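# Working through the structure, step by step
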Amino acid sequence: MVQCEMCGAQTSDPKTVKVEGAELDVCDNCADFGTEVKTQETSSSSTKYSTSSSGSSSSSSTSSSSSSGGGGGGTRRDMFDEMDEVVQDYDERIRNARESEGLTQEELADQLNEKASLIRKLERGDVLPSDKVQSKLEKALGISLSTGGSGDDSEWSGGSSAGKTTLGDVVKRKD
């Protein structure tokens, strides 16, 4: 006898069902809470799981292609590589440009249709400007607050001979 993984009841014939992404061995009563998982033998004798769906056949074709071109020796890229980053001295740039234009924080805020408290927080470096506020500031003051997405993490230049960074290149041991 096996115990149901949902309700704890003893069952002699448990069913494997998928409930919210987890595969559980459950009794007949609890099997209604998930989708029954059936195993299929493939030509390579490995086991593949597929969930049975009502009214449709489970003869879906599987493909092993990835959308980001995972093959080859190229470097891995993600969506953040192309994004612009705010420069570290954005607060000084905003303050200096505002003062050179002869504007007070309130006047700049009115010109941008933003609150003066936001300008104060930006100039103190308490908050980062949102993309919308950043573009308003750049247009109004004629400055650039972004570093540009270079996709090159120069601070992570590892010292391994293969040219790839390993955990050992970054971590310092406490011996």
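Overview of the structure. (Residues numbered from 1 in each chain as written. Predicted model: local features only at pLDDT ≥ 70, side-chain atom pairs only at ≥ 80, totals over all residues. Heavy atoms only, no water.)

What the protein chain contains, in helices and strands, is five helices and six strands. The linear arrangement of helices and strands in the protein chain, starting from the amino end, is β-β-β-β-β-β-α-α-α-α-α. Scored against the burial criterion, the 175 residues of the protein chain give a buried share of 18%. (Helix = DSSP H or I, 4+ residues; strand = E, 2+ residues; numbered from the N terminus. Buried < 20%, exposed > 50% of the residue type's maximum accessible area, 1.4 Å probe, protein only.)

A few words on the packing of helix H1 (residues 90-101) against helix H3 (residues 116-124). Viewed as axis vectors pointing N to C, H1 and H3 meet at an angle of 125°, and their least axial separation amounts to 6 Å. One finds that H1 runs oblique with respect to H3. Contacts from Tyr 90, Asp 91, Ile 94, Arg 95 and Arg 98 in H1 reach Leu 122, Glu 123 and Arg 124 in H3. Each residue belonging to the contact of H1 with H3 can be placed in one class, and the counts come to three nonpolar, no polar and five charged. (Axes fitted to C-alpha atoms, helices over the stretch in contact; angles between N-to-C directions. Parallel < 35°, antiparallel > 145°, perpendicular 65-115°, else oblique. Contact = heavy atoms within 4.5 Å. Nonpolar A, V, L, I, M, F, W, Y, C, P; charged D, E, K, R; others polar.)

As a further point, take unusual backbone geometry. Residues other than glycine seldom take positive phi values, yet Glu 20 does so here, at roughly 50°. Relative to the elements of secondary structure, Glu 20 occurs in the loop between strand E3 (15-19) and strand E4 (22-26). For Asn 113, which is not glycine, the phi dihedral falls at a positive 60°. Mapped onto the fold, Asn 113 is located in the loop between helix H2 (105-112) and H3. Asn 113 sits in the exposed class, given a relative accessible area of 66%.

If charged atoms from side chains of opposite charge come close, those side chains can pair. For the structure shown, the criterion picks out seven salt bridges. For Glu 99, the salt bridge is made with Arg 98, and the minimal N-O distance between the two is 3.9 Å. The exposure class of Glu 99 is partly exposed, given its relative accessible area of 49%. For Arg 98, a relative accessible area of 9% translates into the label buried. Its salt-bridge partner being Arg 98, residue Glu 123 comes within 2.5 Å of it at the nearest N-O pair. Of the two residues, Glu 123 sits in helix H3 while Arg 98 sits in helix H1, which places them 25 residues apart along the sequence. One exposure class covers both Glu 123 and Arg 98, and it is buried. (Salt bridge = Lys/Arg side-chain N within 4 Å of Asp/Glu carboxyl O.)

Glancing now at a nonpolar patch on the surface. Taken together, the side chains of Leu 167, Val 170 and Val 171 define a hydrophobic patch exposed on the protein surface, amounting to about 270 Å² of accessible area. Mapped onto the elements of the fold, Val 171 is located in the segment after helix H5 (167-170). (Patch = residues over 30% accessible without salt bridge, like charges linked within 9 Å, V, L, I, M, F, W, Y side chains within 5 Å. Areas by Shrake-Rupley, 256 points an atom, 1.4 Å probe, with all protein chains shown as cover.)

Take the side chain of Gln 105 next. Mapped onto the secondary structure, Gln 105 falls in helix H2. Within the structure, Gln 105 has its side chain in polar contact with the side chain of Glu 123 (distance 2.7 Å). (Polar contact = N/O pair within 3.5 Å; in protein donor to acceptor, adjacent residues only side chain to side chain.)

Here we come to H1. Spanning twelve residues, H1 covers 17 Å between terminal C-alpha atoms, matching the ideal 16 Å at 1.5 Å per step. Among all positions in H1, only Tyr 90, Asp 91, Ile 94, Ala 97 and Arg 98 are buried. Along H1, the residues classed as buried sweep out an arc of 145° about the axis, all on the same side. Where H1 ends, the next residue or the one after it, Gly 102, has phi of about 75°, a positive value. (Expected span 1.5 Å × (residues − 1). Arc of directions from axis to C-beta.)

Two elements in contact, H2 and H3, have axes separated by 8 Å at closest approach and are oriented at 115°. For the element pair H2 and H3, the recorded crossing hand is right-handed. Contacts from Gln 105, Glu 106, Leu 108, Ala 109 and Leu 112 in H2 reach Ala 116, Ile 119, Arg 120 and Glu 123 in H3. Tallied by class, the residues present in the contact of H2 with H3 amount to five nonpolar, one polar and three charged. (Left-handed = near helix turned anticlockwise from the far one by under 90°.)

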